[in-house]
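# Inside the fold
In case you want the letters, here they are:
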Amino acid sequence: PLSAAYTSWRAASFGLHLFLSLLSDAAERGQYESITGGTEGVPTRCPADLRQFVRTQVIGRALDVLLASPPSGPTHHHFRAPHVKKHVRGANRKYPPKGVVVPTATDTSDGDDGDDDDLGEEIVAAHRSQLEELTPPVLLELASAMQDSRVGVWAYKALVACLAAPDEECPAINQISADLRGPVLELCTAYDHSGRCWRLVLGQLRRASDPEYRQALMGALAKVPTNELLNTTLSFTLDPTLIRPQDATFMIAALAASPHVLGARKKVWEFAKHNVVQLSQSGGGGGAYGFGSVLQNVASGFATEAMAQDVQLFIASTPHLSVPARIVRAVTGKIRTQAMWVEYYGADTCTTLSGYD
């Protein structure tokens, strides 16, 4: 697993997050009226069975190396591809430095086929190294969603020195490697029910100016572990002094996807409907940058006919929204497709998952 390609982990993580979201929503609803008119249900223990399955059968021991040293250490080096040989025949070619993407090209400098082969090996190794450096954040995010508490402890230890003064600059944050800084802040927030990590992230967000770092902090702020913090963070999306209007829908979507608060998506959707005027103006209007973005990133995660009808009714009763009809059709179509999957395969999938210890 340590050498698995980033693309494989990313695809697996996306699918499992969606899987967990659908089963959690169905389990929360219990018995419900199915599309075909019957009564279906997903056992309440099913999401826990899925998390257990992923922790043991998917993630396995892949986290062991990553968690063996603090995030401020050379953790990510364990995930890199082996170095290629330093000496390459030909015209003074050097292994590309870290962070440089080497484009695929045909070398015609000396007509030596051996040199072309060596250059090809370097390009492949460089791309593989870059992808594998992206694997740890994806793995940590997946482990967090599957409630592997080890990642929360690991992140908390890295930031504990900062918690007493959340509004001040903290050297411990800067010591964390850049590729892990955002994930560590997210994990600390998600597993700290006292809210101390959340307040640390909020304090850092108030003083941050770098756009990329602010994006990471907003993502971490959205990893709320309690309903109280969910409601507080939602209110921030309407405060332009903290969250810029063009970032409001990003925060809304991130909060809806929180795997640590039961029913988070439904609560965020209700908030969005009650604040439709402000959100429809986010980013300069409707469509992809306004309420259409809320539909695509929040409402599309539902999996019941009732929610598909709720979306349609709300859009129809709010004619001033400039949401293209194609977006509404796509979102309601996705909701119904997911509802059918849960109806036809949910119970059987849960039965299978319950067989894994």
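Attention here is on the structure that accompanies the text. (Residues numbered from 1 in each chain as written. Predicted model: local features only at pLDDT ≥ 70, side-chain atom pairs only at ≥ 80, totals over all residues. Heavy atoms only, no water.)

### Examining the side chain of K223
Tracing the backbone through its elements, the reader meets K223 in the loop between α10 (211-221) and α11 (227-236). Residues in contact with K223, not counting those within four places in the same chain, are E186, T189 and A190. (Helix = DSSP H or I, 4+ residues; strand = E, 2+ residues; numbered from the N terminus. Contact = heavy atoms within 4.5 Å.)

### A closer look at the environment of Q215
Among the structural elements, Q215 can be located in helix α10. Judged by its relative accessible area of 35%, Q215 falls in the partly exposed class. Apart from the residues lying within four places of it in its own chain, the contact partners of Q215 are D247 and F250. (Buried < 20%, exposed > 50% of the residue type's maximum accessible area, 1.4 Å probe, protein only.)

### Some details on the packing of helix α13 (residues 264-274) against helix α16 (residues 305-316)
The interhelical angle for the contact between α13 and α16, taken along N-to-C directions, is 10°, at an axis separation of 12 Å. Taken together, the axis directions place α13 and α16 in an arrangement best described as roughly parallel. Every residue of α16 that contacts α13 at K266, W269 and K273 is listed here: M307, D310, V311 and F314. Looking at side-chain class alone, the contact of α13 with α16 contains four nonpolar, no polar and three charged residues. (Axes fitted to C-alpha atoms, helices over the stretch in contact; angles between N-to-C directions. Parallel < 35°, antiparallel > 145°, perpendicular 65-115°, else oblique. Nonpolar A, V, L, I, M, F, W, Y, C, P; charged D, E, K, R; others polar.)

### Some thoughts on the packing of aromatic side chains
According to the stated counting rule, one finds six aromatic pairs in the structure shown. On the basis of an interplanar angle of 15° and a centroid distance of 5.9 Å, the ring pair of W198 and F236 is categorised as stacked. In this pair, W198 is assigned in helix α9 (residues 196-207) and F236 in helix α11, connecting sequence segments 38 residues apart. Centroid distance W269 to F291: 6.1 Å. Interplanar angle 45°. Geometry classified as tilted. Taken together, the residues W269 in helix α13 and F291 in helix α15 (residues 291-297) connect sequence positions 22 residues apart. A residue is classified by how much of its surface remains accessible, and W269, at 0% relative accessible area, is buried. What links up through ring pairs into an aromatic cluster is the set F19, W341 and Y345. (Phe/Tyr/Trp six-rings, centres within 6.5 Å; stacked < 30°, edge-to-face > 60°.)

### With respect to a nonpolar patch on the surface
The grouping of M340, Y344 and Y345 at the surface amounts to a nonpolar patch, some 330 Å² of accessible area in total. Here M340 is to be found in helix α17 (residues 325-353). (Patch = residues over 30% accessible without salt bridge, like charges linked within 9 Å, V, L, I, M, F, W, Y side chains within 5 Å. Areas by Shrake-Rupley, 256 points an atom, 1.4 Å probe, with all protein chains shown as cover. Salt bridge = Lys/Arg side-chain N within 4 Å of Asp/Glu carboxyl O.)

### Describing the state of the cysteines
Evaluated as defined, the whole model comprises three disulfides. The partner cysteine of C46 in its disulfide is C350, sulfur to sulfur 2.0 Å. Given an S-S torsion of about -90°, the disulfide between C46 and C350 has left-handed geometry. Separated by 304 residues along the polypeptide, C46 in helix α2 (residues 46-59) and C350 in helix α17 bring together distant segments of the chain. Like C350, C46 is buried. (Disulfide = S-S within 2.5 Å.)

### Some points on helix α1 (residues 6-29)
With 24 residues, α1 should reach 34 Å at 1.5 Å per residue; the first-to-last C-alpha distance of 35 Å fits that figure. Within α1, burial applies to Y6, W9, S13, L16, F19, L20, L22, L23, S24, A26 and A27. (Expected span 1.5 Å × (residues − 1).)

### A look at the pattern of salt bridges
Using the criterion set out here, one finds ten salt bridges in the structure. For R61, the salt bridge is made with D64, and the minimal N-O distance between the two is 3.1 Å. Take R61: its relative accessible area is 71%, and that puts it in the exposed class. By relative accessible area, which is 30% here, D64 ends up partly exposed. Between K223 and E186 there is a salt bridge, and its shortest N-O distance comes to 3.9 Å. Here E186 lies in helix α8 (residues 178-191) and K223 lies in the loop between α10 and α11, a separation of 37 residues in the sequence. Via salt bridges that share partners, R61, D64, D148 and R150 belong to a single interconnected network.

### Section: the side chain of S258
Inspection of the secondary structure assignment puts S258 in the loop between α12 (248-256) and α13. A polar side-chain atom of S258 sits 3.4 Å from the main-chain amide nitrogen of H260. Apart from residues lying up to four places away in sequence, S258 is in contact with A222, V224 and A264. (Polar contact = N/O pair within 3.5 Å; in protein donor to acceptor, adjacent residues only side chain to side chain.)

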